[in-house]
Amino acid sequence: MRLLATALALAVPVAANADPQKYLCNFTEHNSPRKIDDGGFVPSKYMLTIDVENSAATAYDRLVHEIYQAPIAAKFSKKNNGTYRLRWKLSGVPVTITKTVDYGIPDVIKTKFNLRYSLLFNPETLQGTLSVSGGGERFASAAILDCKKANKNMAFR
C-alpha cells in the first residue's frame with residue numbers, strides 16, 4: 001500500500017510555482033491634452049513586475065526612482081475579464097510651477113505633489129491604460145502603454 005501511495009504521488013504532476021513576470025512598457029499616447037513628461041506625470045517608460053499567484057506587483061519609472069530609488073509595491077487585483085488592475089501612490093513628487101504675474105514677471109513655486117496611479121493591464125495583448133490623478137490642483141491624465149515581457153531590470157541614473 002505504501003508503495004502504491006508513493007507511486008501515485010510521483011505520477012501526479014505538482015503545480016509549478018509561476019515566477020513573477022516582468023514587463024517593460026512604453027508610453028504610446030495620451031488620452032488627455034497633456035503631453036509626454038510635461039507635468040502630466042506619465043513617464044515614457046515603466047517596468048512592472050506582476051506575481052499573479054501571490055497577488056503582488058511592483059511599479060518602477062523615473063519618478064519612482066527619483067523618490068524611492070527602487071520599485072514600489074502596487075496593489076494587485078485580477079478582474080473577471082482577465083485584466084489586471086495595479087494601483088500605487090507616489091508621495092512627495094517635486095514640482096516647479098511657473099506662473100506669470102503682473103507685468104509679465106514670473107513667479108516660481110517649488111512644491112511637492114502626491115499622485116495616485118491606476119493601471120488596467122491586459123496580459124494577453126500586453127497593453128494597458130494608465131490613469132494618474134492628484135497633485136496640488138486637481139487633475140487627471142491618462143495614457144496608453146504597450147508592454148513586452150522582459151527578463152531584465154530597468155535602470156535609471
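About the criteria used
- Residues numbered from 1 in each chain as written.
- Predicted model: local features only at pLDDT ≥ 70, side-chain atom pairs only at ≥ 80, totals over all residues.
- Heavy atoms only, no water.
- Helix = DSSP H or I, 4+ residues; strand = E, 2+ residues; numbered from the N terminus.
- Buried < 20%, exposed > 50% of the residue type's maximum accessible area, 1.4 Å probe, protein only.
- Contact = heavy atoms within 4.5 Å.
- Areas by Shrake-Rupley, 256 points an atom, 1.4 Å probe, with all protein chains shown as cover.
- Pairing = 2+ DSSP bridges.
- Lys, Arg positive; Asp, Glu negative; His and termini not counted.
- Salt bridge = Lys/Arg side-chain N within 4 Å of Asp/Glu carboxyl O.
- Polar contact = N/O pair within 3.5 Å; in protein donor to acceptor, adjacent residues only side chain to side chain.
- Core = buried A, V, L, I, M, F, W, Y, C linked by side-chain atoms within 4.5 Å.
- pLDDT = per-residue confidence, 0-100.
- Patch = residues over 30% accessible without salt bridge, like charges linked within 9 Å, V, L, I, M, F, W, Y side chains within 5 Å.
- Charge placed at Lys NZ, Arg CZ, Asp CG, Glu CD.

Draft legend 1. Main features of the overall build of the protein. Each helix and strand in the protein was counted, giving two helices and eight strands. Counting the 157 residues in the protein, one finds 35% classified as buried. Pairs at least 24 residues apart make up 47% of the contacts formed inside the protein by residues separated by at least 6 positions. When the accessible surface of the protein is split by element, carbon and sulfur atoms take 53% of a total near 10200 Å².

Draft legend 2. Highlighting the pairing of strand E5 (residues 84-100). In terms of strand pairing, strand E4 (residues 72-78) meets E5 through four bridges, oriented antiparallel. Paired with Phe-76 across the strands is Leu-86, a residue of E5. Between E4 and E5, which follow one another and run antiparallel, lie five residues, and Gly-82 among them has a positive phi close to 95°. Here 15 bridges tie E5 to strand E6 (residues 106-122), and the two strands are oriented antiparallel to one another. Directly across from Arg-87, in E6, lies its bridge partner Ser-118. Counted along the chain from E5 to the antiparallel partner E6, the turn is five residues long, and its residue Tyr-103 has a positive phi close to 60°.

Draft legend 3. Region of interest: the environment of Leu-48. Looking at the element boundaries, Leu-48 is found in strand E2 (residues 45-51). Expressed as a C-alpha distance, the spacing of Leu-48 and Pro-20, which sit 28 residues apart in the sequence, is 9.9 Å. Not counting the four nearest positions on each side in its chain, Leu-48 is found in contact with Gln-21, Lys-22, Tyr-23, Cys-25, Thr-58, Ala-59, Leu-86 and Leu-119.

Draft legend 4. Layout of the side chain of Asp-51. When you line up the elements, Asp-51 lands in strand E2. Among buried Asp, Glu, Lys and Arg side chains, Asp-51 stands out as unpaired, with Lys-78 the closest opposite charge at 11 Å. There is a polar contact of 2.8 Å between the side chain of Asp-51 and the side chain of Asn-54.

Draft legend 5. Fine view of the nonpolar core. Judged by nonpolar contacts, the single largest core of 37 residues is most densely connected at Phe-41, Leu-86, Trp-88, Tyr-117 and Leu-130. Counting residues per element, this core draws most heavily on E5, which supplies six residues. Those residues in contact with Tyr-117 that lie beyond four places of it in its chain are Phe-41, Tyr-46, Leu-63, Leu-86, Arg-87, Trp-88, Leu-90, Leu-130, Ser-131 and Val-132.

Draft legend 6. The confidence of the model for the protein, seen in detail. Model confidence for the protein is summarised by a mean pLDDT of 80, while 77% of its residues fall at 70 or above. Averaged pLDDT values for the elements of the protein fall to 44 in helix H1 (residues 2-11) and rise to 96 in E4. When the criterion is pLDDT under 50, residues 1-16 qualifies, and its contacts beyond four places in sequence or with other chains add up to one contact. This stretch, residues 34-38, has a pLDDT under 50; its non-local contacts, to residues over four places away or in other chains, come to 14 contacts.

Draft legend 7. Representation of unusual backbone geometry in the model. Although it is not a glycine, Ser-55 sits at a positive phi angle of roughly 50°. Tracing the chain through its elements places Ser-55 in the loop between E2 and strand E3 (56-60). Residues other than glycine seldom take positive phi values, yet Gln-69 does so here, at roughly 60°. Mapping Gln-69 onto the fold places it in the loop between helix H2 (62-68) and E4.

Draft legend 8. Molecular detail of a positive patch on the surface. Taken together, the side chains of Lys-75, Lys-79, Arg-87, Lys-89 and Arg-116 define a basic patch exposed on the protein surface. By the element assignment, Lys-75 lies in strand E4. For Lys-75, a relative accessible area of 67% puts it in the exposed group.

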